[in-house]
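Structural overview
Each chain is listed here by its residues.
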Amino acid sequence: MSNPLADMEKPDAILCIGTNMTECHPVAATRLKRAVAKGARLVVADPRRIPLADLAELYLPIRVGSDTALLLAMAHVIAEEGLVDEAFIAERTVGYQTLREHLRQFTPDWAAPICRVSPAHIAKAARIYAGAGRAAIYYTLGITEHICGVDNVQSLCNLALMTGNLGKEGAGINPMRGQNNIQGAGDCGALPVNFPGYQPCDDPEAAARFSQLYGREIAPERGITKVHALDLAAEGRMKAMLICGENTVVSDPDRNHCEHALRNLDHLVVVDLFPNETTALADVVLPATAWGETDGVYTNTERRVQRVRAAVPPQGDARPDWWIVSQLARRLGLAGFDYESAKDVFNELCSVSPTYAGLDWDRIDRGEYQWPVPDKDHPGTPILHRDGFKNGRGRFNMITYRDPAEVVDDEYPVWLTTGRRLEAYHTRTMSGRAAGMDYLLSEESLEVHPDDVATLGLVDGGFARVTSRRGSVVLRVRADDTSPRGTVFCSFSFGDVPVNVLTGGGYDPVTFTAELKVCPVRVEPAEPPA
């Protein structure tokens, strides 16, 4: 996030796209509700009529996978109507005239049949966003889990650069992170392309620094993604794998391929809190401590670095993840893993990461700093880009529209989109063990528009077989007009309803993020599963 959570109450206009915030980030969403109550103009773009849509001045029920077309057309209106921030563009960006010429072809009339919303509403969305003194963008996985996920994010960046909505209070581009320490994991270098502190793995100088730190030669090249790793395992070229804290079998796309890949390994080790569908395939399971049993650090969605303290002792043989990984490294003969505490690990991170350079274990005691914190006297950076961009000027990107990897046809005529539900967190490894949660949501269901229930020969409360090009699942039908006609929705949370057997038709070519939000399917009546 370029701006802090407190800024969610300060915009004059808000664009929420691809984010079911009230279910996926319900606490943060209360801030947006307060902003709307104060008079902020809210635009929501989402294929489903999510609860945020009821708060919006303008709701755009776009077709799944059409986000890029919408954003291109909005940028067209902003450019053609002169709603840009000329001073910001001149002082802080490069390439605007090229972008302006590029955008001339992407009119609202062009985008309307793709997005299935009216040209007038597209233009209105652009005017609301660009006409505000302070306009903020909020998005989540509904934007990124597409073959064009990078294009979507860069299109949002274009809008913010055109209107000068970066580097100031109540504005910015703000991705809401999907797990409570996923930002911290990226900061630490848990990415195939970056060392800690977002230093590129293919930068020879960075590789040399980390080679010296670790006492081993590290080639200046990018690592492989998990998608590639599973492909190699399926082909027999990846022999062993360590999975830490992820129920890969349930959360990954193309479940049949994923299970085949993991079963094909010579050796699979899983570190986790509880038994789940992935630990069931492991040769060795190493029990990790839970959040309440662990001393450590969380960096949250607004880049705030926070200490956590163990409240209770670990159960049984459970150990902190850092201890488990360190012990594995030592027994593999690797030097540099002589940590005695989480403090040692964090202080090493601060010594090698430019964004954490001014922090240490004691300084984050009260969780008051947001990175980057480049030196010990620095107060932290709640708002990014106030004084400019790291690499000089903001660059406009020349984006074009692409259809999803798979589109509906006569054999698979219905769009399936997947997501999360308020009552079930991710794959229910933790939340599924709480009786109260199970009472609120005990099974997965297929959300089908009432008109489609009749057309498809389904029965509300009955069962449907959903089939894609990769497989099929049977689940209960729930008639609900949240999804439009021709689109169905379900979550991937329940292991006994392996929805991700269906998904996996394509991947973003830059990030290799799976297109989980778009999957053409066939929906038919079915008998209850045995």
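Residues numbered from 1 in each chain as written. Predicted model: local features only at pLDDT ≥ 70, side-chain atom pairs only at ≥ 80, totals over all residues. Heavy atoms only, no water.

1. Regarding the overall build of the chain
- Along the chain, the regular secondary structure elements total 18 helices and 21 strands.
- In terms of overall size, the chain behaves like a compact globule, its C-alpha atoms giving a radius of gyration of 24 Å where 530 residues would be expected to give roughly 24 Å.
- Expressed as lengths along the three principal axes of its C-alpha atoms, the size of the chain is roughly 65 × 65 × 40 Å.
- Taking contacts inside the chain between residues at least 6 apart in sequence as the whole, the part at least 24 apart equals 69%.
- Carbon together with sulfur atoms contributes 52% to the accessible area of the chain, which is approximately 23300 Å² in total. (Helix = DSSP H or I, 4+ residues; strand = E, 2+ residues; numbered from the N terminus. Rg over C-alpha atoms; globule rule 2.2 N^0.38 Å. Contact = heavy atoms within 4.5 Å. Areas by Shrake-Rupley, 256 points an atom, 1.4 Å probe, with all protein chains shown as cover.)

2. What about the packing of aromatic side chains?
- One pass over the full model with this rule turns up nine aromatic pairs.
- Between tyrosine 198 and tryptophan 371, the aromatic rings sit 5.9 Å apart at their centres with planes inclined by 35°, giving tilted as the arrangement. Of this pair, tyrosine 198 sits in the loop between β7 (194-195) and β8 (199-200) while tryptophan 371 sits in the loop between β14 (369-370) and β15 (394-395), and the two are 173 residues apart along the sequence.
- What makes tyrosine 198 partly exposed here is its relative accessible area of 26%.
- What makes tryptophan 371 buried here is its relative accessible area of 11%. (Phe/Tyr/Trp six-rings, centres within 6.5 Å; stacked < 30°, edge-to-face > 60°. Buried < 20%, exposed > 50% of the residue type's maximum accessible area, 1.4 Å probe, protein only.)

3. Let's talk about helix α5 (residues 96-103)
- All buried positions along α5 are accounted for by Tyr96, Leu99, His102 and Leu103. Angular distribution of buried residues about the axis of α5 spans 120°; they occupy a single face of the element. Set apart from the buried face of α5 by more than 90 degrees, the exposed residues are Gln97 and Thr98.
- Where the residues of α5 are buried, they touch α3 (67-80), α4 (86-92), β4 (93-94) and α9 (149-163). (Arc of directions from axis to C-beta.)

4. Here's the deal with the pairing of strand β10 (residues 267-272)
- The element β10 is largely enclosed, with a buried count of five among its six residues.
- Sheet analysis places strand β9 (residues 240-244) next to β10, joined by five bridges and oriented parallel. Within β10, the position partnered with alanine 240 by the bridge is histidine 267.
- Sheet analysis places β10 next to strand β11 (residues 284-287), joined by four bridges and oriented parallel. Counted as the bridge partner of aspartate 272 is proline 287 from β11. (Pairing = 2+ DSSP bridges.)

5. Concerning the environment of tyrosine 356
- Along the chain, tyrosine 356 turns up in the loop between α16 (342-352) and β14.
- Taking the relative accessible area as the measure of exposure, tyrosine 356 reaches 1% and is therefore buried.
- Counting along the chain gives 38 residues from tyrosine 356 to glycine 394, while the straight-line C-alpha distance between them is 23 Å.
- Once residues lying within four places of it in the same chain are set aside, the contact partners of tyrosine 356 are Asp187, Thr299, Val305, Phe346, Leu349, Cys350, Trp371 and Val373.

6. Comments concerning the pairing of strand β5 (residues 135-139)
- Among the five residues in β5, five count as buried, and that is most of the element.
- Side chains Ala135, Ile137 and Tyr139 of β5 all project onto a buried face; the interleaved residues Ala136 and Tyr138 project onto the opposite face, where all are buried too.
- Of the pairings in the sheet, the one linking strand β1 (residues 13-17) to β5 comprises five bridges and is parallel in character. Of the residues in β5, the one forming a bridge with leucine 15 is isoleucine 137.

7. Some remarks on the domain arrangement of the chain
- Structurally, the chain comprises domain 1 (5-176), domain 2 (182-364) and domain 3 (414-526).
- Taken over C-alpha atoms, the centre of domain 1 sits 34 Å from the centre of domain 2. (Domains from an automatic or database assignment.)

8. So, the sheet that holds strand β13 (residues 304-308)
- Pairing within the open sheet is antiparallel, and its three strands lie in the order β12-β13-β14. A single partner strand is all that each edge strand has here, and the edge strands are β12 (296-299) and β14.

9. Describing the sheet that holds strand β3 (residues 58-60)
- Strand order across the open sheet formed by five strands is β3-β2-β1-β5-β6, with parallel pairing between neighbours. Only two strands of the sheet have a single partner each, and these edge strands are β3 and β6 (172-175). Across the sheet, the axes of successive neighbouring strands diverge by a mean angle of 15°, strand direction being ignored.
- Relative to β3, strand β2 (residues 41-45) runs parallel, the two being bridged by three bridges. Across the sheet, the residue bridging to alanine 45 is leucine 60, located in β3.
- Contacts between α3 and the sheet are confined to β1, β2 and β3, with β1 contributing the most and set at about 155° to the helix.
- Set on the sheet, helix α7 (residues 119-130) makes contact with β1, β2, β3 and β5; between it and β3 the angle comes to about 130°. (Axes fitted to C-alpha atoms, helices over the stretch in contact; angles between N-to-C directions.)

10. Some thoughts on the packing of α3 against α7
- Where α3 contacts α7, the two axes come as close as 8 Å, and the packing angle between them is 65°. Considering the relative orientation of α3 and α7, their crossing is right-handed. Contacts from Leu70, Ala73, Met74, Val77 and Ile78 of α3 reach α7 at Ile122, Ala123, Ala125, Ala126, Arg127, Tyr129 and Ala130.
- Here the residues of the contact of α3 with α7 sort into eleven nonpolar, no polar and one charged. (Left-handed = near helix turned anticlockwise from the far one by under 90°. Nonpolar A, V, L, I, M, F, W, Y, C, P; charged D, E, K, R; others polar.)

11. Quick word on the environment of alanine 132
- Following the sequence through the fold, alanine 132 ends up in the loop between α7 and β5.
- Judged by its relative accessible area of 16%, alanine 132 is buried.
- Residues alanine 132 and aspartate 12 lie 120 residues apart in sequence; the distance between their C-alpha atoms is 5.7 Å.
- With near-sequence residues (within four places) excluded, alanine 132 lies in contact with Asp12 and Ala13.

12. Points about α9
- Between the first and last C-alpha of α9 there are 22 Å, a value that for 15 residues agrees with the 21 Å anticipated at 1.5 Å per step.
- Of all 15 residues that make up α9, 13 are buried, and the element is covered over most of its length. (Expected span 1.5 Å × (residues − 1).)

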